[in-house]
Amino acid sequence: MEYRIFCGDKVSALGFGCMRFPQTADGHINKTDAEAMLDAAYKAGVNYFDTAYPYHNGESEPFVGAYLSKLPRKSFFVATKLPVWEIKTPGDARTLFQKQLDRLQVKYVDFYLLHSLDRGRFEKMAELGVIDYLAAEQQAGRIRHLGFSFHDEYEVFERIAKYRTWDFCQIQYNYMDTEEQAGERGRSLAESLGIPLIIMEPVKGGSLAGLPAGIVRPFTEIHPDKTPASWALRFAAGKSDVKVVLSGMSTEEQLRDNLSTFSPLVPLDAREQAAVSSVRETIKSRIRNGCTACRYCMPCPYGVDIPRNFKIWNDWGMYENRNSAAYEWKMIEADKKSADLCRKCGACETKCPQKLHIRGDLETLGKELSPFVAAQ
């Protein structure tokens, strides 16, 4: 197992993300299978376990805590996150943090994060004094290392990263998302500020694991026996400032593949980097239309969220991830913002800087996505 020095500790470069455990038919954690996976990971050298308050509808923290309680406390590192969207008063943070300690059956959390910060959430936490409260808990020894996870634009990341001296931060990063959210600029900024990085979504929620064979031919020509997921993990883990790469594993097969990738981790060489670039360009070439999400077309008088519809369509075109597309389509239908609400008034097309044929594309994407979504 690859280990790295992270905040003074020897931490496994592969972190077990505890948000995608195998589940029972009724949607609960399959405790037998999930515990077997945790045990196999631990015995193989994984010592970083990442959970959060809402994972598995609140079941993840208690389950992970019950498993870790059987292990020597200094043999593992547990990370969890404050659900900042639940915080309405300063006292809420204190109550929730204590609840998390109780759920995890620990006296302290090794790595504690403000969860999923964007501009509004960060400013609210600063205004309420929650960040100062967590710093006080760190001084008291109930938090060893304090950081944040992030989902917003680069400018917001820069604001948060420079707000105080953070012990670490967690960002979405993979070979397709180097220009999304914090992205490559955020990674470079964190490195310049001396903030160690944890990487989430290295396989883009599974989209980079199940790519069609034609797309990943540059990978298989070099390593016929290596999975697309292993390439994505090696890309993320190969950065010198990255300390842990999280993988939310759901099956023993995924676990075995990830353990193999990190035991030992072999950085991508020049030929392999070129293969990644080739795959990236092929994926980008499959984009259905050129929507940049500038939102000049909005609002739609009939309620269609045009950029969101096009993102679902473009993601489907690039990755052919049926489960992801079906989920996103069902969500946009539930929000009453789906493409089928379009009445072809044309107001959007008069405002679009890209001169897209929005009405026609909305009709096409509906026809393309609806059949397999209905079958889910």
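This text gives an overview of the structure that appears in the document. (Residues numbered from 1 in each chain as written. Predicted model: local features only at pLDDT ≥ 70, side-chain atom pairs only at ≥ 80, totals over all residues. Heavy atoms only, no water.)

On to the packing of aromatic side chains. In this structure the tally under the stated criterion is 18 aromatic pairs. Their ring planes at 65° and their centres at 5.0 Å tell us that phenylalanine 148 and tryptophan 166 sit as a pair that is edge-to-face. Placement of the pair is phenylalanine 148 in strand β7 (residues 143–150) and tryptophan 166 in the loop between α6 (154–161) and β8 (168–172), with a sequence separation of 18 residues. The same class applies to phenylalanine 148 and to tryptophan 166, which are both buried. The side chain of arginine 103 reaches across the aromatic face of tyrosine 53, ending 4.4 Å from its centre. Against the face of phenylalanine 235 rests lysine 239, its NZ or CZ located 4.6 Å from the ring centre. (Phe/Tyr/Trp six-rings, centres within 6.5 Å; stacked < 30°, edge-to-face > 60°. Helix = DSSP H or I, 4+ residues; strand = E, 2+ residues; numbered from the N terminus. Buried < 20%, exposed > 50% of the residue type's maximum accessible area, 1.4 Å probe, protein only. Lys NZ or Arg CZ within 6 Å of the ring centre and 35° of its normal.)

Its location among the elements puts tyrosine 48 in strand β4 (residues 48–50). Relative accessible area serves as the criterion here: at 0%, tyrosine 48 is assigned to the buried category. A sequence separation of 276 residues divides tyrosine 48 from serine 324, and the C-alpha atoms of the two residues are 27 Å apart. When sequence neighbours within four positions are dropped, the list of residues in contact with tyrosine 48 reads Phe6, Val11, Ser12, Gly15, Phe16, Phe77, Ala79, Phe111, Ile198, Val244 and Leu246. (Contact = heavy atoms within 4.5 Å.)

Spatially, β3-β4-β5-β6-β7-β8-β9-β10 is the arrangement adopted by the eight strands of the closed barrel, whose pairing is parallel. Across the sheet, the mean angle from the axis of one strand to that of its neighbour is 25°, orientation sign disregarded. Relative to strand β9 (residues 197–200), β8 runs parallel, the two sharing four bridges. If you follow glutamine 170 over to β9, its bridge partner there is isoleucine 198. (Pairing = 2+ DSSP bridges. Axes fitted to C-alpha atoms, helices over the stretch in contact; angles between N-to-C directions.)

Turning to helix α11 (residues 270–285), a few remarks are in order. Relative to the 22 Å expected for 16 residues at 1.5 Å per residue, α11 spans 23 Å between its end C-alpha atoms, a close match to the ideal helical length. Listing the buried residues of α11 in full gives Glu272, Ala275, Val276, Val279, Arg280 and Ile283. One side of α11 holds all its buried residues, which, seen down the axis, span an arc of 140°. Turned more than 90 degrees away from the buried face of α11 sit Ala270, Arg271 and Ser285, all of them exposed. Of the surrounding secondary structure, the elements contacted by the buried residues of α11 are α8 (217–222), α9 (228–237) and α12 (306–319). Capping the start of α11, aspartate 269 holds a side-chain oxygen 3.1 Å from the backbone nitrogen of arginine 271, two or three residues further along. (Expected span 1.5 Å × (residues − 1). Arc of directions from axis to C-beta. Polar contact = N/O pair within 3.5 Å; in protein donor to acceptor, adjacent residues only side chain to side chain.)

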